[in-house]
Amino acid sequence: GQSLEQPSEVTAVEGAIVQINCTYQTSGFYGLSWYQQHDGGAPTFLSYNALDGLEETGRFSSFLSRSDSYGYLLLQELQMKDSASYFCAGNTGGFKTIFGAGTRLFVKA
Amino acid sequence: EAGVTQFPSHSVIEKGQTVTLRCDPISGHDNLYWYRRVMGKEIKFLLHFVKESKQDESGMPNNRFLAERTGGTYSTLKVQPAELEDSGVYFCASSQEGPSYEQYFGPGTRLTVT
């Protein structure tokens, strides 16, 4: 089957660094995307890893290891506004995207 | 540039009734996707259009769900008759031509079936 596993909740303090892990089982896997969703809002694209390694975009970085079927999203210098749900999503080639159940991040002052 | 819009934002209907959800993608985006999220669970793929053609509807739960995209612009998703398990948030997303890992989501329609 095709599935992505991620923790349901993560809590961190403002200014800290937090890592949200994602492990996957998908056939025909092409890459891993990350989306952010604030309560009541639309999921918004954060990053995509097609190749192994680290991709950095400002305070956010994403990592992929195909051999380990594993990736993570790293958020640095956490801010209160980063409190949201974060979804990893597997691109299976073509057009179909499989999402994880999301990780709810709580940032505390 | 206007984003993806969805209507209505909320809908509360009784079991057995019919509901039609609408999605207007970003202008010029050939790809249109429908997803559903039941509380606390994954964002589940329902189907994908390229222009007006259905490319993949493997995620549609059953034949009570009908999606259309006439003229390759906006899309509708009809649920008839609605069941309790159809409750959830229905998201629409669009992307430009070709396979895309970056999809632009609408704010969703929260459907409650009572």
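Right above here is the structure, for reference.
Here's a quick rundown of the structure. Here the structure is a predicted model, which means the values were calculated and not measured.

## Description of the layout of surface pockets
Any space left empty among the atoms is revealed by the rolling of a water-sized probe across them. A volume near 600 Å³ is recorded for the largest pocket. For the largest pocket, the lining is made up of 27 residues, of which A:Gln37, B:Arg37, B:Met39, B:Val89 and B:Arg110 are closest to its centre. Those elements that place two or more of their residues in the lining of the largest pocket are strand 11 (103-108) of chain A together with strand 9 (88-95) and strand 11 (109-113) of chain B. When grouped by side-chain class, the residues that make up the lining of the largest pocket number 7 nonpolar, 15 polar and 5 charged. Taken as a whole, the second largest pocket holds about 170 Å³ of empty space. Of all the elements in the fold, those that place two or more residues in the lining of the second largest pocket are strand 1 (3-5) and strand 10 (97-99) of chain A together with strand 5 (43-50) of chain B.

## Looking at the pattern of salt bridges
Here the structure, examined in full by the defined rule, presents 9 salt bridges over all chains. A:Arg104 serves as the salt-bridge partner of A:Asp39, at 2.7 Å between the closest nitrogen and oxygen. A residue pair is termed long-range when its members are at least 10 positions apart, and A:Asp39 in the loop between strand 4 (31-37) and strand 5 (44-49) and A:Arg104 in strand 11 qualify at 65 residues. In this structure A:Arg104 comes out as partly exposed when scored by relative accessible area, which is 28%. In this structure, B:Glu83 engages B:Lys15 in a salt bridge whose closest nitrogen and oxygen atoms are separated by 4.0 Å. Separated by 68 residues along the polypeptide, B:Glu83 in the loop between strand 8 (75-79) and strand 9 and B:Lys15 in the loop between strand 2 (10-13) and strand 3 (19-24) bring together distant segments of the chain.

## Some remarks on the sheet that holds strand 3 of chain B
Residue and element names in this part refer to chain B. One open sheet accounts for 4 strands, arranged 1-3-8-7; its pairing is antiparallel. Looking at the sheet topology across the chains shown, the edges are occupied by strand 1 (5-7) and strand 7 (65-68). The average undirected angle you get between the axes of adjacent strands in this sheet is 15 degrees. Note that strand 7 and strand 8 share 4 bridges and pair antiparallel. Note on strand 8: the bridge partner recorded for Ala67 is Leu77.

## Here's the deal with the packing of aromatic side chains
The full count for this structure, using the stated rule, is 14 aromatic pairs over all chains. Between A:Tyr35 and A:Phe99 the ring centres are 5.5 Å apart and the planes differ by 55 degrees, which places this aromatic pair in the tilted class. In this pair, A:Tyr35 is assigned in strand 4 and A:Phe99 in strand 10, connecting sequence segments 64 residues apart. You can call A:Phe99 buried: its relative accessible area is 3%. Taken together, A:Tyr35, A:Phe45, A:Phe99, B:Tyr33, B:Tyr35, B:Phe45, B:Phe91 and B:Phe105 form an aromatic cluster joined through their ring pairs. A cation over an aromatic ring shows up here: B:Arg22 above the ring of B:Tyr74, its NZ or CZ 3.8 Å from the ring centre.

Basis of the calculations
Residues numbered from 1 in each chain as written. Chains lettered and ligands numbered in written order. Predicted model: local features only at pLDDT ≥ 70, side-chain atom pairs only at ≥ 80, totals over all residues. Heavy atoms only, no water. 1 Å grid on protein atoms, 1.4 Å probe; cavity = no way out; pocket = protein on both sides within 12 Å on 5 of 7 lines; lining within 4 Å. Points joined across faces, edges and corners; volume = space filled by probe spheres on them. Helix = DSSP H or I, 4+ residues; strand = E, 2+ residues; numbered from the N terminus. Nonpolar A, V, L, I, M, F, W, Y, C, P; charged D, E, K, R; others polar. Salt bridge = Lys/Arg side-chain N within 4 Å of Asp/Glu carboxyl O. Buried < 20%, exposed > 50% of the residue type's maximum accessible area, 1.4 Å probe, protein only. Pairing = 2+ DSSP bridges. Axes fitted to C-alpha atoms, helices over the stretch in contact; angles between N-to-C directions. Phe/Tyr/Trp six-rings, centres within 6.5 Å; stacked < 30°, edge-to-face > 60°. Lys NZ or Arg CZ within 6 Å of the ring centre and 35° of its normal.

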